[in-house]
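Observations on chain architecture
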Amino acid sequence: MNSSSKRGSNCRLSGGDLDHAPRSTDISDVSLEPTSCHSIAKNGGSTRDAGVLSDAVRQECAEKYVCHNRECYRALVENQVELVIRWLPDTTLTYVNPAYCRFFGKSASQLLGQRFLNQVPEIYHAYLHRQIASILETPQTVYSEFQSISAEGIPVWHRWSDTPILDQHGRVVEFQSVGMDITEFKKAYQKLHHSEMRYQHLAQHDSLTGLPNRIMLLDRIKHVIAKCHRFGRDFALLVVDLDRFKKVADALGHDGADRVLCQVGGRFREVVRESDLLAKLSGDEFVIVCDEIKDSEGPSVLARHLLHSLSVPLEIDGHTLPLSASIGISVWRDGQGNAEDILKEADLAMREGKRQGGNRFLFFNGAMRARSRETDCVESMLRHAIRDDALHLVFLPQIDLRSGHIVAVEALVRLCDTSGTEILPAEFVPVAEKTGLILKLGDRILEKACEQNSLWQKAGLPPRVVTVNISPEQFNQADFAAKVLHALVKTGLQPCWLELEIKEDAIMENVAHAIEVMDVLGRVGVSFAIDDFGKGYSSLTQLRHLPLAKLKIDRAFTRNVPGNPLDAKLVGAVVAVAQCLGMQTVAEGMETQRQCEFFKELRCDLVQGYLFGAPKSAGEMGGSFERPVSCFFSS
């Protein structure tokens, strides 16, 4: 028997002799089953011979298995798309796979023996030296990412895993590295990161001016408070609001108004320090966080510079726009409050500046806080009154100068606090305008006035016109005409017994809208009066196109007649203009019979004022419809 058969008798190889066994990557395809010593001895061999033979077979099988695995591993590495290299601690290459050669456009012979750092851009050398030192100190696989330039000159990102190979003493003698192309992943990540950064920027900045918005502003204030608290410093916050900006916006439209805000933001940027934060809140409001101030003079100087920056008019679409602003300043001192507190204080100071006429700056003080509490109280009462229908109306008559009879009554709203004390419109109407309640308030007054006039007529009283004051905010609503028609239908009042008083400025803000509303309501019989004439900037050319029934002369012109010759001439001119335009005139603020005689001589049509008594309740006023107000008018 030949040696092969002898070996076969000692080892049984599943699948045939090992020399002819099929190449396989799976060791399970080759199984070794040594025969027992008993069976060898039985055939004439000793157990010693059996042990020697068994060891030799095992060694041969193991050598073949290692060789086979080495070939499989080499085939695996050689065919990988990843870059695979082996290198010494001094970065000398000892093995490169074909993918590595293809990437750099060089053969293995050109690369082996060279330092792999030669293929890496120099900017990464220091980083990689630190990586190598780290592995030598603590042998473990580490990962790194850097760019390499391909043979085509294309920068490619790879993620490398560097694994140390140790000798029997645990010392690093070589490294094996695998580099995976992550360029597309990097591009996707950078795109995602850019999108996240852009989203974060948009979330923290005003989309129009690019300035920080309220979110970023409050975060900055919190950081400044923490820093000033730590170092015992003060800082100031300035709230800047453009004066009468709504008129600018109405004149230029949204696009023009946006350009104004951008130019204003640009001017403010030139004024503030680099260390200050300039932010834009909603509308036309800007805020400056003035960090690290020594005294109140610093914020004062900044406020003057901001006001001065607006002194040169803007040029927008051929319009020359003079601008001004109101500035409120609050100085934070240790323990004063949080970000919202100081922002509210500066806002209160700004609003006080507007109340005083604008184009100024004011520092916050305790009196403003007290006024703010009063305003909050009035706002709360007003909200409850609107919700609970607790508003009540009183009426001021309009007297015909020829007959002395009441021909119309003006509806005036009244509000009472919990104790029954009456709050004057001069106190709660500005609060309603500031808080946006003016729309709900105006709707309720209109409906209640129509309802009361309908009740008078149902009670058999002579029909009279009820006049209702309409706020600019109310009049300029797109659905204002529809709301008026709804109130008339709901209360059953005929449109000819309703007159709407519109302020001169409200009409001039949007003449096209005014004409449209007056045309719609005028067709059904509603009449219109222009209120406070002489205080605004009406154009006679525009007035003559408006379907106005009455022109009310403001008390600012009537209180001094006939004693003041200039006012007397002005009033005479107004009456003449109204007559030319086919409108009746109403003189407000009558306090003396001499005034009434003067306006009667001017052929003014109607008068009203406290000369005929204070505004009356609905019951009292209804009883006055059928008799002249005084014998003076019957003569």
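All values derive from a computational prediction rather than experimental measurement.

1. Focus on the overall build of the protein
When you go through the protein residue by residue, the secondary structure sums to 24 helices and 23 strands. Across the 635 residues in the protein, those meeting the buried criterion constitute 43%. A separation of at least 24 residues holds for 61% of the contacts in the protein among residues at least 6 apart in sequence. Only carbon and sulfur atoms are counted for the fraction: they give 53% of the accessible area of the protein, which is about 33600 Å².

2. Thoughts on the packing of helix H12 (residues 366-388) against helix H13 (residues 425-435)
Relative orientation of the contacting elements H12 and H13 amounts to 85°, with a least axis distance of 9 Å. For the element pair H12 / H13, the angle class is roughly perpendicular. In contact with Thr375, Val378, Glu379, Leu382 and Arg383 of H12, H13 contributes Glu427, Phe428, Val431, Ala432, Lys434 and Thr435. In terms of residue class, the contact of H12 with H13 is made up of 5 nonpolar, 2 polar and 4 charged.

3. Overview of the packing of aromatic side chains
Summed over all chains, the structure comprises 14 aromatic pairs. Look at Phe185 and Tyr189: their rings are 6.5 Å apart centre to centre, the planes differ by 20°, and that puts the pair in the stacked class. In this pair, Phe185 and Tyr189 are both assigned in helix H7 (residues 183-204), 4 residues apart and thus about one turn of the helix distant. A connected cluster of aromatic rings, assembled from ring pairs, spans Trp87, Phe116 and Phe175. A cation sits over an aromatic face here: Lys186 above Trp157, 4.5 Å from the ring centre.

4. Regarding the pattern of salt bridges
Enumeration over the complete set of coordinates arrives at 34 salt bridges. Its salt-bridge partner being Glu352, residue Arg371 comes within 3.4 Å of it at the nearest N-O pair. Of this pair, Arg371 sits in helix H12 while Glu352 sits in helix H11 (residues 339-355), and the two are 19 residues apart along the sequence. For Arg371, a relative accessible area of 34% corresponds to the partly exposed category. By sharing partners, the salt bridges in this structure join Asp389, Arg444, Glu447, Lys448 and Lys490 into a single network.

5. Quick word on the nonpolar core
The nonpolar side chains of a soluble globular protein tend to be buried with one another. Among the nonpolar cores identified, the biggest contains 75 residues, and Leu498, Leu500 and Phe599 are the most heavily contacted of them. For this core, the element with the highest residue contribution is helix H14 (residues 438-458), accounting for 7 residues. If we skip the residues at most four places from it in the chain, Leu500 touches Leu446, Val468, Ile470, Phe480, Val484, Leu521, Val526, Ser527, Phe528 and Ala529. If you look at the next biggest cluster of nonpolar residues, it comprises 32 residues, including Val240, Leu302, Ala303 and Leu321.

6. Here we look at empty space enclosed by the protein
Summed over all chains, the structure comprises 1 cavity of 30 Å³ or more. For the lining of the largest cavity, the secondary structure elements donating two or more residues are strand E3 (83-87), helix H4 (98-104), helix H6 (125-137), strand E5 (142-149) and strand E6 (155-166). Partitioned by chemical class, the residues of the lining of the largest cavity number 12 nonpolar, 5 polar and 1 charged.

7. Examining the pairing of strand E22 (residues 584-587)
Note on strand geometry: in a regular strand, side chains alternate between the two faces of the sheet. Pairing analysis gives 4 bridges linking strand E21 (residues 550-553) to E22, with the strands arranged parallel. Considered in E22, the bridge of Lys552 is made with Val586. As paired strands, E22 and strand E23 (residues 606-607) are joined by 2 bridges and run parallel to one another. Considered in E23, the bridge of Ala587 is made with Val607.

8. Structural notes on the sheet that holds E5
Strand order in the open sheet formed by 5 strands is E4-E3-E7-E6-E5, and the pairing between neighbours is antiparallel. Unpaired on one side and paired on the other, strand E4 (93-96) and E5 mark the two borders of the sheet. The mean inter-strand angle of the sheet, taken between neighbouring strand axes irrespective of direction, is 25°. The sheet contact formed by E3 and E4 spans 3 bridges and is antiparallel. By the bridge assignment, Arg86 is partnered in E4 with Tyr95. Against the sheet, H6 touches E3, E5, E6 and strand E7 (172-181), its axis set at about 155° to E5.

9. Let's talk about the sheet that holds strand E13 (residues 325-332)
With respect to topology, 5 strands assemble into an open sheet ordered E9-E10-E8-E13-E14, the strand pairing being mixed. Each having just a single partner strand, strand E9 (277-280) and strand E14 (360-363) make up the two edges of the open sheet. Pairwise comparison of adjacent strand axes, ignoring direction, gives a mean angle of 20° for this sheet. Where strand E8 (residues 234-242) and E13 come together, 8 bridges link them in antiparallel fashion. Its bridge partner being in E13, Leu238 is matched across the sheet by Ile329. Of the strands in this sheet, E8, E9, strand E10 (285-293) and E13 touch helix H8 (residues 214-231), which is tilted by about 15° from E10.

10. Focus on the confidence of the model for the protein
Looking at the protein, pLDDT values average 84 and 88% of them are 70 or higher. In this model residues 631-635 is a low-confidence stretch, pLDDT under 50, and it forms 12 contacts with partners more than four residues away in sequence or in other chains.

11. Remarks on the side chain of Lys186
Summarising the element assignment, Lys186 is placed in helix H7. Its relative accessible area of 17% is what places Lys186 among the buried residues. A polar contact of 3.2 Å, which involves the side chain of Lys186, links it to the side chain of Glu145. When residues no more than four places from it in sequence are discounted, the contact partners of Lys186 are Glu145 and Trp157.

12. Looking at a nonpolar patch on the surface
A surface patch of nonpolar side chains, about 200 Å² in accessible area, is lined by Leu485, Val520 and Val524. Along the chain, Val524 falls in helix H18 (residues 511-524).

Conventions we followed
Residues numbered from 1 in each chain as written. Predicted model: local features only at pLDDT ≥ 70, side-chain atom pairs only at ≥ 80, totals over all residues. Heavy atoms only, no water. Helix = DSSP H or I, 4+ residues; strand = E, 2+ residues; numbered from the N terminus. Buried < 20%, exposed > 50% of the residue type's maximum accessible area, 1.4 Å probe, protein only. Contact = heavy atoms within 4.5 Å. Areas by Shrake-Rupley, 256 points an atom, 1.4 Å probe, with all protein chains shown as cover. Axes fitted to C-alpha atoms, helices over the stretch in contact; angles between N-to-C directions. Parallel < 35°, antiparallel > 145°, perpendicular 65-115°, else oblique. Nonpolar A, V, L, I, M, F, W, Y, C, P; charged D, E, K, R; others polar. Phe/Tyr/Trp six-rings, centres within 6.5 Å; stacked < 30°, edge-to-face > 60°. Lys NZ or Arg CZ within 6 Å of the ring centre and 35° of its normal. Salt bridge = Lys/Arg side-chain N within 4 Å of Asp/Glu carboxyl O. Core = buried A, V, L, I, M, F, W, Y, C linked by side-chain atoms within 4.5 Å. 1 Å grid on protein atoms, 1.4 Å probe; cavity = no way out; pocket = protein on both sides within 12 Å on 5 of 7 lines; lining within 4 Å. Points joined across faces, edges and corners; volume = space filled by probe spheres on them. Pairing = 2+ DSSP bridges. pLDDT = per-residue confidence, 0-100. Polar contact = N/O pair within 3.5 Å; in protein donor to acceptor, adjacent residues only side chain to side chain. Patch = residues over 30% accessible without salt bridge, like charges linked within 9 Å, V, L, I, M, F, W, Y side chains within 5 Å.

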